[in-house]
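Structure assessment
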Amino acid sequence: FDAADFRKGSTTDGYSVSLNWAASDKLSVMATGTIGKTRQGEGQSLSVDKDGLTTSAFQVGVMRQDLFAKGDRLQFVLSQPMYVERGRLNVSTVQVIDRQTGEIGAVTQSFDITGKRRIAAEAFYATPVGAGDVAFFGRAETDDGGKTTDRYLAGARYRFSF
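All values reported here derive from a predicted model rather than from experimental measurement. (Residues numbered from 1 in each chain as written. Predicted model: local features only at pLDDT ≥ 70, side-chain atom pairs only at ≥ 80, totals over all residues. Heavy atoms only, no water.)

Across its full length, the protein chain carries 0 helices and 10 strands. Starting at the N terminus, the α and β elements of the protein chain follow one another as β-β-β-β-β-β-β-β-β-β. Against the compact-globule benchmark of 15 Å for 162 residues, the protein chain has a radius of gyration of 24 Å, which places it well outside the compact range. Counting only C-alpha atoms and orienting by the principal axes, one finds that the protein chain spans roughly 80 × 30 × 30 Å. Considering the protein chain as a whole, with its 162 residues, one finds that 24% of them fall into the buried category. Of the contacts formed within the protein chain by residues at least 6 apart in sequence, a portion of 52% connects residues at least 24 apart. Surface exposure of the protein chain reaches about 11,100 Å², of which carbon and sulfur atoms provide 58%. In the protein chain, 20 side chains carry a positive charge and 19 a negative one; their mean positions are 4 Å apart. (Helix = DSSP H or I, 4+ residues; strand = E, 2+ residues; numbered from the N terminus. Rg over C-alpha atoms; globule rule 2.2 N^0.38 Å. Buried < 20%, exposed > 50% of the residue type's maximum accessible area, 1.4 Å probe, protein only. Contact = heavy atoms within 4.5 Å. Areas by Shrake-Rupley, 256 points an atom, 1.4 Å probe, with all protein chains shown as cover. Lys, Arg positive; Asp, Glu negative; His and termini not counted. Charge placed at Lys NZ, Arg CZ, Asp CG, Glu CD.)

So, about the sheet that holds strand 2 (residues 27–39). Across the sheet, 7 strands lie side by side as 1-2-4-5-8-9-10; this open sheet has antiparallel pairing. Of all the strands in the sheet, the pair left with one neighbour each is strand 1 (11–22) and strand 10 (151–160). Neighbour-to-neighbour, the strand axes of the sheet open up by a mean angle of 10 degrees, direction not taken into account. Note: strand 1 against strand 2, 12 bridges, orientation antiparallel. (Pairing = 2+ DSSP bridges. Axes fitted to C-alpha atoms, helices over the stretch in contact; angles between N-to-C directions.)

When you line up the elements, T54 lands in strand 4 (residues 53–65). The class of T54 is buried, set by a relative accessible area of 12%.

Residues V129, Y158, F160 and F162 make up a contiguous nonpolar surface patch of about 530 Å² in total accessible area. Exposure remark for F162: the relative accessible area of 91% places this residue in the exposed category. (Patch = residues over 30% accessible without salt bridge, like charges linked within 9 Å, V, L, I, M, F, W, Y side chains within 5 Å. Salt bridge = Lys/Arg side-chain N within 4 Å of Asp/Glu carboxyl O.)

With that settled, the discussion passes to the sheet that holds strand 6 (residues 88–98). Taken together, the 3 strands give an open sheet; going across it, the order is 3-6-7, and neighbouring strands pair in antiparallel fashion. Of all the strands in the sheet, the pair left with one neighbour each is strand 3 (46–48) and strand 7 (103–112). Adjacent strand axes in the sheet meet at a mean angle of 35 degrees when their direction is disregarded. Where strand 6 meets strand 7, 10 bridges bridge the pair, whose relative direction is antiparallel. Note on strand 7: the bridge partner recorded for S92 is T108.

This paragraph deals with the pairing of strand 1. The buried fraction of strand 1 amounts to 0 of the 12 residues, a small share that puts the element mostly on the outside. Here strand 1 folds back onto strand 2 in antiparallel fashion, the turn holding 4 residues.

With that settled, consider the pattern of salt bridges. Counted under the stated rule, the structure contains 9 salt bridges. Of the charged contacts, one joins D51 and K50 as a salt bridge, the two residues approaching to 3.9 Å between their closest N and O atoms. Using a relative accessible area of 69% as the deciding quantity, one classes K50 as exposed. One salt bridge in this structure joins D133 and R159, with 2.8 Å as the shortest N-O distance. Of this pair, D133 sits in strand 9 (residues 132–141) while R159 sits in strand 10, placing them 26 residues apart in sequence. Under the relative-accessibility criterion, D133 is labelled buried at 14%. One salt-bridge network, in which partners are shared between bridges, spans R118, E122, R139, E141 and R151.

Okay, structure coming up:
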């Protein structure tokens with residue numbers, strides 16, 4: 001790493017809004033959204049473009065308690081993990097700038113770093129069992145536009161107090 005890579009750092013301002021609504025004693029709806037703007041000074045080897053980066057993330061969900069048994073909980077969530085809405089990354093390197101004379105100099109290349117928007121869906125169910133509880137969960141996430149494909153995750157947990 002070169003000391004000039006991140007010499008002046010960057011600044012991100014983020015704004016979030018959240019909502020939690022108890023539709024009834026047993027049904028809740030929640031939502032949250034975040035938008036961010038990243039900017040940084042000039043003169044770095046690795047920097048965001050002069051227009052900065054705009055990022056976003058959101059999540060909406062619904063939770064139901066006492067659905068099948070007293071004390072159980074079922075929750076569904078739909079979310080968008082952090083996503084670059086708009087922005088470019090600049091990389092400055094030393095290269096040959098004149099093939100005739102072999103003169104070298106700083107060259108800045110700009111790359112669009114927006115990708116494919118990913119969406120994730122999650123389900124969670126927990127129910128009391130004796131002095132503890134048992135839970136089951138699952139998550140599916142769409143392809144990120146790269147070399148990976150859609151992702152799936154499932155699991156279970158047993159927790160007890162002693």
